[in-house]
Amino acid sequence: MRALHLVAVYTLFTIGCMMDIDTGARRRNPGDEPAPAPKPSAAGGESGESGPRPVDRWKELMVIDASVRMSPLTRGAGAPLSFATVVTELAGSPSAAERWVRGWLETMTATTHFTTPNGTELQAAPRPNVESQLLCPWLRLRSQNACEVGCGYCRERVLDLEQAPFALLAVVNRPDLGEPCAEGSAEGRLVFTALRPGTTTTLPFTLIFEYLQPGAGRDVAARWHALGSLPFGRDYGNALTALTDAFVRRSGAVAPPLLRLRTNEGAFASDGSWELRELAVGPSGFVPTPLAATPAQVWDGSSALADLLRGSQPPTVPESMSTLASPMPSSTFRWRADVSESARRAFSAGTCNGCHGGERPIDGLRFQHVAPAGSYYGSLTEAPRVSRYLDDPSRNGDDELGRRAGKLEAAWKSTCTTTPVAPGGYPAPHMDHARAAH
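A quick note: this is a predicted structure, and the numbers were derived from the prediction, not measured.

K.L.:
So what's going on with the overall build of the protein? Which residues, and what values?
P.N.:
Helix and strand counts for the protein come out as 12 helices and 12 strands. The buried share of the protein, reckoned over its 438 residues, is 56%. Residue pairs at least 24 apart in sequence account for 69% of intrachain contacts in the protein once pairs closer than 6 positions are excluded. For the protein, the accessible surface area stands at approximately 17200 Å², while carbon and sulfur atoms represent 53% of it.

K.L.:
Lay out the pairing of strand β6 (residues 202-212) with the relevant residues and their values.
P.N.:
Here β6 lies mainly inside the structure; 10 of its 11 residues are buried. When strand β5 (residues 187-195) meets β6, the two strands line up antiparallel, connected through 8 bridges. Looking across to β6, one finds that F192 is bridged to L207.

K.L.:
Tell me about the environment of D160, and please be specific about residues and values.
P.N.:
Within the secondary structure, D160 sits in the loop between α5 (130-140) and β4 (166-174). Judged by its relative accessible area of 23%, D160 is partly exposed. Spatially, the C-alpha atoms of D160 and E98 are 7.5 Å apart, while their sequence positions differ by 62 residues. Among the polar contacts listed, one links the side chain of D160 to the side chain of Q163, at a separation of 2.9 Å.

K.L.:
Mind laying out the environment of W274, listing which residues take part and the relevant values?
P.N.:
In this fold, W274 is placed in strand β8 (residues 274-282). Relative accessible area serves as the criterion here: at 5%, W274 is assigned to the buried category. Sequence separation between W274 and P327 is 53 residues; the distance between their C-alpha atoms is 6.0 Å. Discounting chain neighbours no more than four positions away, the residues touching W274 are R127, P204, N264, E265, G266, S326, P327, M328, F367, Q368 and Y376.

K.L.:
Could you give me a rundown of unusual backbone geometry, with the residues and numbers involved?
P.N.:
In this chain, Q313 is followed by P314 through a cis amide linkage whose omega measures -5°. Structurally, P314 is set in the loop between α8 (303-310) and β10 (326-328). Despite not being glycine, A293 has its phi angle at roughly 60°, a positive value. A relative accessible area of 6% places A293 in the buried class. Positioned with a positive phi, F367 is a non-glycine residue whose angle comes to about 70°. Tracing the backbone through its elements, the reader meets F367 in the loop between α10 (352-355) and β11 (370-371).

K.L.:
Run through the pattern of salt bridges, naming residues and quoting values.
P.N.:
Where side chains of opposite charge bring their charged atoms close, a pairing between them can arise. The tally for this structure, following the rule as stated, stands at 33 salt bridges. Of the charged contacts in the structure, one is a salt bridge between R53 and E60, with a shortest N-O distance of 3.0 Å. E60 sits in the buried class, given a relative accessible area of 0%. The salt bridge involving D391 is made with R57; its shortest N-O contact spans 3.2 Å. Of this pair, D391 sits in the loop between β12 (385-386) and α11 (400-412) while R57 sits in helix α1 (residues 57-60), and the two are 334 residues apart along the sequence. When salt bridges that share partners are traced, they join E187, R189, E210, R260, R262 and E278 into one network.

What counts and how
Residues numbered from 1 in each chain as written. Predicted model: local features only at pLDDT ≥ 70, side-chain atom pairs only at ≥ 80, totals over all residues. Heavy atoms only, no water. Helix = DSSP H or I, 4+ residues; strand = E, 2+ residues; numbered from the N terminus. Buried < 20%, exposed > 50% of the residue type's maximum accessible area, 1.4 Å probe, protein only. Contact = heavy atoms within 4.5 Å. Areas by Shrake-Rupley, 256 points an atom, 1.4 Å probe, with all protein chains shown as cover. Pairing = 2+ DSSP bridges. Polar contact = N/O pair within 3.5 Å; in protein donor to acceptor, adjacent residues only side chain to side chain. Salt bridge = Lys/Arg side-chain N within 4 Å of Asp/Glu carboxyl O.

In structure tokens, the structure reads:
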């Protein structure tokens, strides 16, 4: 496929690049200690005599219970949380959605190009195994394509979205990215894992659709908090669908408010290396864009990076230092710069490969913060694995999900004017990179 050239308005959000989000199932990785703590009670609006019902992180913040993940909400024609529905709502029709997805995957097989407004040319190298691991096997699921083995010849190259090799891992509520009384201060996210086409075996490849949630943050938070009083099952599923429809579905001719699409994969390189990318919605499909808050790898340890970190805070990565693809050199990777350790770490933790690498607690899960059970070529039938950064029972609620729970509670308890204030920039420019990203 001809390499994609795009000149677009390029805004680097000052959040990091965490795209693997929590699981909603308190499952620990083998060997992780301590043992899980019990989940808080979700019954009713009160919790015995202890006061108002606490936030249930697994129902109100990160939802990956099997009753959602393995249910009709995610499977079958028209399922509200299926990959096919998500991309069709974005593209406007099934045929357009098919072209969007095929174009995106074919772009990864070639050198990707991007030109910034100031004329900086960015490139990302091909991921050589996209065709053999994902695209060709998916094409072969449709008999009308009549593809030969290896897809050297196909009569047609049409992807059947109803057989899309992507399965939902998480529905995510982010109430912590803006002021409670502002419009558009919360994000809703859907995390998918890739599969070997035609099977339920997962690939080391996750992608996350990140949406703006319409409405004031306080009102959005109140609706999510109400989910905590419902048991998993039909009523919970219906209430969750009502919430996600608000950002997944089109509103007449208006497309869903997708902010960005992020990918994290180790399936498509010949050497098994991991890489993170970011996409936006263009006039006719998904288009590669520079990663937020993450420089090109060549700037690691450079004097230019140190100068950037000594400047205004938080630092904004200039176009001349940006990148279309962020590699993961190792599971312990940290950005280096000749500045104070606090400044270095604050920056590194907000980058894509820093927050997926060495700027996180050590556990058995490398490169990702949520992944299917088992190995990176795992299974959907068991609860996913989650990093200690997000869920660490030993910290008694002081982990990342505990922080978000506090933000959710503060949001739904907020007293706002009758007319919500306009957002002061989205995401808030003063936010800590690592916390916003995760």
